[in-house]
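# Coordinate analysis (summary)
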Protein chains: 2
Amino acid sequence: MPDTAPASPLRTALAQAAAEIDTALELLLPPAEGPEAPLLAAMRYAAIGGGKRLRGFLVLEGARQFGVSRQAALRVAAAIEMLHAYSLVHDDLPAMDDDDLRRGKPTLHRAFDEATAIIAGDALQAQAFAVLADEDTHADPAVRVELVRCLARAAGARGMCGGQMLDMLAEAATEPLDEAHVGRLQLLKTGRLIEFSAEAGAVLGKAPAPQRHALAAYGRDIGAAFQIADDLLDATASADETGKRTGKDAAAGKATLLGILGLERARMQAERLVEQAVGHLDSFGDRAALLRGLATYTIERKS
Amino acid sequence: MPDTAPASPLRTALAQAAAEIDTALELLLPPAEGPEAPLLAAMRYAAIGGGKRLRGFLVLEGARQFGVSRQAALRVAAAIEMLHAYSLVHDDLPAMDDDDLRRGKPTLHRAFDEATAIIAGDALQAQAFAVLADEDTHADPAVRVELVRCLARAAGARGMCGGQMLDMLAEAATEPLDEAHVGRLQLLKTGRLIEFSAEAGAVLGKAPAPQRHALAAYGRDIGAAFQIADDLLDATASADETGKRTGKDAAAGKATLLGILGLERARMQAERLVEQAVGHLDSFGDRAALLRGLATYTIERKS
């Protein structure tokens, strides 16, 4: 069912950011000619078009707080979206979640093949770091290397990959996970990258530590809220609405906070997280209005 | 058949470097406790122990030309070996080369499972960049970010992943590849990372451009020689000798220079590359003796 809500400033800004991020990705992942064309085509299929670009939007809005150039912010946004896209490609593989549908189209290994999906995911991860390290991203090498350091941590064994592994183990486990364990799993699997997305603009803008930490804390909270909202959507929405297969958490016996807390308490927890996220922005002025609005949007969205 | 040749200074140096690199990897990939233990165990299984550590040795010897601290060089050597280990893990997957044996033990997806192998490979790539970006690697952020930039290029769509994709496409192709195409495939698949391994010490040592370029050119040549030697070993040695399945190129109908040139011309080309590699070291003094010896060793090794 198409979303027919009237355009709000947030929706307009999200749509514009998504379009700008796609343009940046087009430039950073140009099509190749000759024998190298198929890999680039697969990387572009996975990374360009579709997606809410929540992470990229956080980078752009975070960067705007500190007057960072749009071009620099867009490069970092695109790098993080490449990393996110690679994680979706690998998560969708037959040996992992075995999904056929992503962002409203066939998953990469269905549209191409499994080997291509593995390699294209690997190459997208490398390309994300290449973009951050390139001097076009920021004149100061200390800024570039700090971005690399943070992204590598958010992506690695104590970030996204660590969470993905906990998720695989949870599915195989005989005993259900408790709330603390599920919280940890989700913090690693999606939270760390969303946290860094919110923080990256402060790194680019060489912001004072308290402001950088405030944005990171905001990112952690909306990341957790976003995850609960995702679980709620998976349980209650259709694939037409979300562009990916739904109802799969229950089918896979996946441990979610929703499953542990129940619908009502999960919704309350998401609302509490949103309030807390907005609280972290107290020291920011009107410029943070869209970030405040985004916090609420994460739990009200339909896809 | 065990190699019973007497110890040479090069063999001693290779063995010592391999041991030091393993120690560095132990520190950079410490075992985890609790639910995060399995992922770290898989990463350690893939990265620690075994392997010739050719790439790491090139980093250490390159760095020694410029008086770089051993600790810094070992971190970069370990990072490159992590990246190499991840590429082997993913290449061995059922959807790729479907191999059971690597470095004399079961491949990661056989010892653990396929999902773990995909995730552990992904996490090793992230960890390689995390190590390079960490300030323990070099005090100067410009050096660290240059290392990241070079590794990301060597690993990405126009490096290792690009070569891996060409390799997969070559297997599926109906027409045999020509010499230029195979050369390009191998330059990307293994050459770029070996080139950067040879060059990394010059980056760490902030060496003048001509010396950095000479080491890179040396790396390109021994990388190409190494690949021909690998093909020769695959065609003529046993799995007992190499610690991995052999004869698989012919079985898979893989395009190799050996297949195109024939045994004799392939050997001659490898020798020519070794001479050329040594020529690039003309401006280096006695300190480069081991690098000269390594060039010859690449085509005389038994595994």
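Attention here is on the structure that accompanies the text. Computed from a predicted model, the values in this text were never measured in an experiment. Residue positions are given per chain, counting from 1 as you read along its sequence in written order. All chains are assigned letters beginning with A, and all ligands numbers beginning with 1, in the order in which they are written. Note on the predicted model: pLDDT of at least 70 is required for a residue's local features to be given, and 80 or more for side-chain atom pairs to be given and counted; whole-chain, interface and lining totals, by contrast, use all residues. Note that the side-chain values use all heavy atoms of the structure and ignore hydrogens as well as water.

## Description of the relation of the copies chain B and chain A
Short version of the rule: Least squares is the method used to superpose the copies, on C-alpha atoms of residues holding a pLDDT of at least 70 in both. The contact criterion used throughout is that any non-hydrogen atoms of two residues lie within 4.5 Å.
When chain B is fitted onto chain A, the two copies agree to an RMSD of 0.0 Å after a turn of 180° and an axial shift of 0.0 Å. Such a turn and shift between the copies fits a two-fold axis. In this assembly the copies share their binding face: 100% of the residues contributing to the interface of chain B also contribute to that of chain A.

## Section: the interface of chain B and chain A
As a reminder of what qualifies: Here the buried area means the combined drop in accessible surface, using a 1.4 Å probe, for two parts upon being joined, counting both sides. Any carboxyl oxygen of Asp or Glu that lies within 4 Å of a side-chain nitrogen of Lys or Arg is treated as forming a salt bridge with it. In DSSP terms, a helix is any run of H or I states spanning at least four residues, a strand is any run of E spanning at least two, and both are numbered starting from the N terminus. In this count, Pro and Cys sit with the nonpolar residues alongside Ala, Val, Leu, Ile, Met, Phe, Trp and Tyr, while Asp, Glu, Lys and Arg are called charged and the others, Gly among them, polar.
Contact with chain B, which involves 46 residues of that partner, is made by 46 residues of chain A. Roughly 3,800 Å² of surface becomes buried between chain B and chain A when both sides are summed, with 76% attributable to carbon and sulfur atoms. Our count for the contact surface shared by chain B and chain A stands at 2 salt bridges. Here E36 of chain A makes a salt bridge to R184 of chain B, at a shortest N to O gap of 2.6 Å. Looking at the side of chain B that touches chain A, the elements that each hand over two or more residues are α2 (37–47), α4 (70–91), α6 (114–133), α7 (141–155), α8 (160–172) and α9 (179–204) of chain B. Among the elements that take part in the side of chain B that touches chain A, α6 of chain B stands out by supplying 12 residues, more than any other. Grouping the constituent residues of the side of chain B that touches chain A by class yields 32 nonpolar, 7 polar and 7 charged.

## Regarding the pattern of salt bridges
Residues and elements named next belong to chain A. Note the threshold: Whether a residue is buried, partly exposed or exposed follows from its accessible area with a 1.4 Å probe, protein chains only, as a fraction of its type maximum: under 20%, in between, or over 50%, in that order.
The final tally for this structure, using the stated rule, is 32 salt bridges over all chains. A salt bridge links E61 to R64; the nearest nitrogen and oxygen atoms lie 2.8 Å apart. Taken together, the residues E61 and R64, both in helix α3 (residues 54–64) and 3 residues apart, mark about one turn of the helix. On the basis of relative accessible area, E61 is assigned to the buried category, the value being 5%. Note on R64: relative accessible area 32%, which makes it partly exposed. In this structure, a network of salt bridges that share partners links the residues E146, R149, E199 and R212.

## Some thoughts on the packing of α2 of chain B against α6 of chain B
All names here are of chain B. Stated formally: Lines are fitted to the C-alpha atoms to define the axes, a helix being fitted only along its stretch in contact, and any angle between axes, read from their N-to-C directions, falls within 0 to 180 degrees. To sort the angles, those under 35 degrees are grouped as roughly parallel, those over 145 as roughly antiparallel, those from 65 to 115 as roughly perpendicular, and the leftovers as oblique.
Their axes nearest at 9 Å, the elements α2 and α6 cross at an angle of 75°. Relative to α6, α2 is oriented roughly perpendicular. In this structure, α2 uses L39, A42, M43, A46 and A47 to contact α6, whose residues at the interface are T116, I119, A120, A123, L124 and Q127. Residue composition of the contact of α2 with α6, grouped by class: 9 nonpolar, 2 polar and no charged.

Such coordinate-based values are descriptive only and should not be taken to indicate function.
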